[in-house]
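Chains, contacts and geometry: an overview
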Amino acid sequence: MSAPNTFYITTPIYYVNDVPHIGHAYTTVAADVLARYWRLRGRDVFFLTGLDEHGQKVQQAAAKAGIDPQAHCDKLAPQFQELWKRLSISNDAFIRTTDAPHKSVVQRYLQQLYDNKLIYKADYTGWYCTFDERFWTEKDVENGLCPDCKRPVEKLSEHNYFFKMGQYQDRLIEHIKQHPTFIRPESRRNEVLGFLSTQKLGDLSISRPKSRLSWGIELPFDKDYVTYVWFDALVNYVSALEYLPKKPAFDQFWPANVHLVGKDILTTHAVYWSTMLMALNLPLPETIFAHGWWTVDGEKMSKSRGNVVDPNKMVDEFGADAFRYFLLREVPFGQDGDFSQDAMVIRINSDLANGIGNLLSRTLTMIEKYCDGKTPKRNQHLDEVDNALENQVHEVFNAIHDELCGLQFHRALDLIWSTIHLTDEYIEDKKPWGLAKDPANRVLLEGVLYNVAETLRHIGILLYPFMPQTAKSITEQLGLSIDFTTPLLSQELSWGKMTPGSKIHKGLPLFPRIEPKPQGAKTVSDTPTPSQPTAATPAPTTATPQVLTPTAAPPAPAAPAQITIDEFMKIQLKTAKVLTAERVPKSEKLLKLQVSLGEGTEPRQIVAGIGKKYEPESLIGKTIIIVANLKPAKLMGIESQGMVLAAGDSEVRGLATILEEVDPGTKVK
Ligand code: MSP
């Protein structure tokens with residue numbers, strides 16, 4: 001039996017017949033949220049994901065690519081591993097079924113079942129579906145099509161080895177009845193029970209003749225056969241425990257707490273895997289949870305339709321956390337859902353930019369303005385409204401736990417967002433800007449801002465399993481240094497941990513608003529557009545000269561290439577106030593400026609080639625326009641953290657400024 005303080009979570013192991021898509025990302029992100037959550041609660045977590053590298057699908061994909069199956073797997077495996085890194089997946093191990101120790105475990109189990117007469121050889125004639133790699137009986141097949149994938153089946157007759165699955169039918173029914181959370185959600189449990197109670201469970205063909213399929217694990221008792229890919233794949237959940245943790249951890253982690261799977265592979269898990277475990281005298285997992293499928297813009301996702309959602313592109317465009325949030329917030333886990341880029345932009349703007357992003361930014365702005373950028377003092381005298389906010393945080397803390405035990409991610413997120421809304425209402429109710437007008441209200445003002453900051457600290461921690469980078473950014477901006485690898489949620493939630501007087505660090509917006517694409521613009525799946533800079537995921541920037549004025553005469557003008565609005569939006573233009581200006585020694589042209597991008601931001605140093613046109617003193621106090629997201633570069637050994645906009649070509653004619661008085665740091669577009 002697994003130790004009580006452990007948590008073992010698995011994803012399906014993915015076929016390496018193609019690159020990863022949204023379906024793979026979905027299960028893996030969901031598993032990651034649970035792994036992170038249980039670590040925060042102090043459990044010893046083992047989170048396993050990996051690849052299913054044998055079988056017909058992989059053999060066919062390799063043949064199509066004209067390479068050996070192992071080389072094909074080796075080529076594709078890093079694409080999964082890289083994606084998991086980009087999506088902040090915190091898996092403890094990554095199994096590949098071509099790992100030699102995995103193959104030995106599969107062979108050991110096959111031998112054990114064969115020795116115990118639970119595997120036997122027999123002739124078999126049936127309808128074979130190449131896609132699903134399985135036989136169907138006469139009554140299963142309708143109009144010559146596979147009842148599962150609806151592809152044509154062919155009649156095949158061959159010797160095969162069979163696992164005596166049928167003999168476990170009653171025991172399995174009983175197990176499902178006795179363990180209400182064994183198959184989840186309930187609707188799926190009822191489906192499996194319904195099927196098992198009305199149909200006779202047959203034996204399972206677990207071999208494939210090498211003449212038909214060579215890419216698999218050889219049967220230890222017959223060299224002419226390899227094992228059926230599912231018998232190999234399902235064993236990964238236990239073989240991994242023998243060789244992937246630092247020390248063998250079978251007793252510690254088995255049985256698994258949760259096997260996360262898609263609805264299409266529930267039968268293989270609930271029936272094949274469960275009966276295999278019974279035959280091997282191993283305990284069954286605690287829960288097999290089957291989630292729904294994503295369609296894309298209302299259509300089935302498929303390569304032939306060209307609408308496969310590439311998670312890498314989602315990360316490029318929206319950032320990992322926004323994508324993670326969308327996947328788990330948009331659709332109740334267990335149900336089917338529809339993915340569209342429009343829905344994603346709506347969620348990002350309403351929940352992330354306007355919701356958590358705005359709450360953090362307005363809170364920090366007020367702390368900067370009214371409290372000198374330092375955490376305010378707690379007010380010991382609380383009224384009903386203050387108490388309601390603190391109580392909400394306590395209630396949500398407990399309620400999220402219940403929701404995550406039931407894998408209801410969207411409801412857990414909903415609870416966090418109801419706290420965000422309540423905090424916004426609290427601010428509107430308390431009106432700190434009104435309190436700030438009268439010094440007699442100082443204690444009240446600080447108390448209100450303290451409560452908001454404290455609520456944000458909790459929101460940051462509760463968000464961590466879902467959006468790890470955002471959680472770090474929220475708490476860092478609050479001036480906290482939190483170690484998220486410690487069991488932060490293992491004790492009762494404690495209100496009042498913020499230290500008055502400590503500096504906050506207001507940073508970039510968590511989630512800049514995304515302007516809806518103009519009509520006719522291409523969609524994410526076909527246009528690789530770069531990400532917007534966010535605090536959590538900085539945008540890629542390129543080193544560029546720091547002034548717009550080339551030193552040499554330009555060549556004959558070529559027709560300028562047109563750029564899309566998205567490309568333009570990559571450039572962050574902002575107003576900036578010149579604080580100081582001086583000449584760079586030994587340079588006629590270069591001036592060194594210190595500019596401000598608004599209260600609470602560190603001054604920036606910019607080296608600009610405008611020294612022939614301007615005396616440094618004449619620039620002090622001027623509001624100019626700068627490119628704010630240029631990667632820093634050195635000019636004559638001096639770091640420049642941006643670029644000044646100026647008119648002129650080989651010669652600077654004038655600086656770009658703003659007619660009206662606007663605050664430094666205002667966006668220019
Ligand atoms: N190799 C097997 C699993 C073996 S587990 C011991 C397999 N691999 S798969 O790569 O084809 O599928 C992996 C997962 O992706 C499945 O859980 C499947 O449900 C999921 N999805 C595939 N397309 C999907 C969507 N469109 N939406 C959501 N998940 C989907 O099956």
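Notes on the structure in this doc start here. (Residues numbered from 1 in each chain as written. Predicted model: local features only at pLDDT ≥ 70, side-chain atom pairs only at ≥ 80, totals over all residues. Heavy atoms only, no water.)

1. Some points on the overall build of the chain
A count of helices and strands for the chain gives 19 helices and 26 strands. Its C-alpha atoms put the chain at 95 × 75 × 45 Å along the principal axes. Expressed as a percentage of the 669 residues in the chain, the buried residues total 53%. Taking contacts inside the chain between residues at least 6 apart in sequence as the whole, the part at least 24 apart equals 75%. As displayed, the chain has an accessible area near 30600 Å², and 52% of this comes from carbon and sulfur atoms. A gap of 3 Å separates the mean positions of the 74 positive and 80 negative side-chain charges of the chain. (Helix = DSSP H or I, 4+ residues; strand = E, 2+ residues; numbered from the N terminus. Buried < 20%, exposed > 50% of the residue type's maximum accessible area, 1.4 Å probe, protein only. Contact = heavy atoms within 4.5 Å. Areas by Shrake-Rupley, 256 points an atom, 1.4 Å probe, with all protein chains shown as cover. Lys, Arg positive; Asp, Glu negative; His and termini not counted. Charge placed at Lys NZ, Arg CZ, Asp CG, Glu CD.)

2. A look at the site of the ligand
Around the ligand, a shell composed of 23 residues is seen, among which Ile13, Asp52, Gly262, Asp264 and Trp294 lie nearest. One of the side-chain N or O atoms of His24 is found 3.2 Å from an oxygen atom in the ligand. Contact distances for the ligand include 2.9 Å between an oxygen atom and a backbone N or O atom of Gly262. Within the complex, the protein chains bury 93% of what would otherwise be the 670 Å² of accessible surface of the ligand. Among the secondary structure elements, those contributing two or more residues to the shell around the ligand are strand E1 (6-15), helix H1 (22-40), helix H7 (229-234), helix H8 (236-243) and strand E12 (258-262). For the shell around the ligand, the element with the most residues is E1, which contributes four residues. By residue class, the composition of the shell around the ligand is 13 nonpolar, eight polar and two charged. (Near = heavy atom within 4 Å. Polar contact = N/O pair within 3.5 Å; in protein donor to acceptor, adjacent residues only side chain to side chain. Nonpolar A, V, L, I, M, F, W, Y, C, P; charged D, E, K, R; others polar.)

3. Re a nonpolar patch on the surface
Together, Ile565, Phe568 and Ile571 line one region of the surface with nonpolar side chains, adding up to about 240 Å² of accessible area. Mapped onto the elements of the fold, Phe568 is located in helix H19 (residues 565-569). The exposure class assigned to Phe568 is partly exposed, which follows from its relative accessible area of 30%. (Patch = residues over 30% accessible without salt bridge, like charges linked within 9 Å, V, L, I, M, F, W, Y side chains within 5 Å. Salt bridge = Lys/Arg side-chain N within 4 Å of Asp/Glu carboxyl O.)

4. Considering the packing of helix H13 (residues 341-371) against helix H15 (residues 409-430)
The description of two packed helices rests on the angle between their axes and on the distance between the axes. As a packed pair, H13 and H15 sit with axes 10 Å apart at the nearest point and diverge in direction by 40°. The orientation of H13 with respect to H15, classified from their angle, is oblique. Relative to H15, the crossing made by H13 is left-handed. Facing H13, whose interface residues are Asp351, Leu352, Gly355, Ile356, Leu359, Arg362, Thr363 and Met366, H15 presents Trp417, Ile420, Thr423, Asp424, Ile427 and Glu428. (Axes fitted to C-alpha atoms, helices over the stretch in contact; angles between N-to-C directions. Parallel < 35°, antiparallel > 145°, perpendicular 65-115°, else oblique. Left-handed = near helix turned anticlockwise from the far one by under 90°.)

5. Let's talk about the packing of aromatic side chains
Throughout the structure, instances matching the rule amount to 30 aromatic pairs. Taking the centre distance of 5.2 Å and the plane angle of 75° together, the rings of Tyr26 and Trp294 count as edge-to-face. Of this pair, Tyr26 sits in helix H1 while Trp294 sits in strand E14 (residues 294-296), and the two are 268 residues apart along the sequence. Judged by relative accessible area, Tyr26 falls into the buried class, the value being 1%. Here the aromatic cluster, defined as three or more aromatic residues joined through ring pairs, consists of Tyr8, Phe46, Tyr237, Phe250, Phe253, Trp254 and Trp273. (Phe/Tyr/Trp six-rings, centres within 6.5 Å; stacked < 30°, edge-to-face > 60°.)

6. Focus: the side chain of Ser302
Within the element layout of this structure, Ser302 appears in the loop between strand E15 (299-300) and helix H11 (311-318). Judged by its relative accessible area of 17%, Ser302 is buried. Among the polar contacts made by the side chain of Ser302, one reaches the main-chain amide nitrogen of Arg305 at a distance of 3.2 Å. Contacts of Ser302, omitting those with residues within four sequence positions, involve Asn307 and Val308.

7. A word on the pattern of salt bridges
Within the structure shown, the criterion is met by 28 salt bridges. Note that Asp336 is salt-bridged to Lys263, the shortest N-O span being 2.8 Å. Of this pair, Asp336 sits in the loop between helix H12 (320-330) and strand E16 (337-339) while Lys263 is found in the loop between E12 and helix H10 (266-279), placing the two residues 73 residues apart along the sequence. Judged by its relative accessible area of 44%, Asp336 falls in the partly exposed class.

8. Structural notes on the nonpolar core
Side chains of a nonpolar character, in soluble globular proteins, are inclined to be buried together. Ranked by internal contacts, the top residues of the largest apolar core, which has 171 residues, are Leu87, Phe163, Trp254, Ile356, Phe409, Trp417 and Phe466. No other element matches H13, which puts 14 residues into this core. Beyond its immediate chain neighbours, meaning those up to four positions away, Phe409 contacts Ala30, Val33, Leu34, Leu328, Phe333, Leu404 and Phe466. Of all hydrophobic cores here, the second largest spans 19 residues; its members include Leu591, Ile606, Ala628 and Val644. (Core = buried A, V, L, I, M, F, W, Y, C linked by side-chain atoms within 4.5 Å.)

9. Section: H10
A rise of 1.5 Å per residue sets the reference length of H10, with its 14 residues, at 20 Å; its end C-alpha atoms lie 19 Å apart and thus fit the reference within 8%. Of all 14 residues in H10, 13 are buried; the element is thus mostly enclosed. Looking one or two places after H10, you find Asn281, whose phi comes out positive at around 60°. (Expected span 1.5 Å × (residues − 1).)

10. Some remarks on the side chain of Arg189
Tracing the sequence through the fold places Arg189 in helix H6 (residues 186-198). Buried within the structure, Arg189 lacks any salt-bridge partner; Glu186 is the closest side chain of opposite charge, at an N-O distance of 4.3 Å.

11. With respect to unusual backbone geometry
Across the junction of Arg184 and Pro185, the peptide omega takes the value -5°, indicating a cis bond. Its place among the elements puts Pro185 in the loop between strand E7 (183-184) and H6. In this chain, Trp254 is followed by Pro255 through a cis amide linkage whose omega measures 5°. Structurally, Pro255 can be placed in the loop between helix H9 (250-253) and E12. In this structure, Lys117 takes a positive phi of about 60° despite not being glycine. Here Lys117 shows up in the loop between helix H4 (100-115) and strand E4 (119-129). Residue Lys117 is classed as exposed on the basis of its relative accessible area, which comes to 59%. Phi angles above zero are rare outside glycine, and Asn143 is one such case at about 50°. Position of Asn143 among the secondary structure elements: in the loop between strand E5 (134-136) and strand E6 (154-163).

12. Remarks on H12
Each turn of an α-helix holds 3.6 residues, which means side chains three or four residues apart point in the same direction. With ten of eleven residues buried, H12 lies mostly within the body of the structure. Among the residues of H12, Ala320, Asp321, Ala322, Phe323, Arg324, Tyr325, Phe326, Leu327, Leu328 and Arg329 are the ones counted as buried.

13. What to know about the sheet that holds E15
Taking strand neighbours across the sheet as the criterion, the three strands line up as E15-E14-E16 in an open arrangement whose pairing is mixed. Only two strands of the sheet have a single neighbouring strand rather than two, namely E15 and E16. Sheet analysis places E14 next to E16, joined by three bridges and oriented parallel. Its bridge partner being in E16, Trp294 is matched across the sheet by Gly337. (Pairing = 2+ DSSP bridges.)

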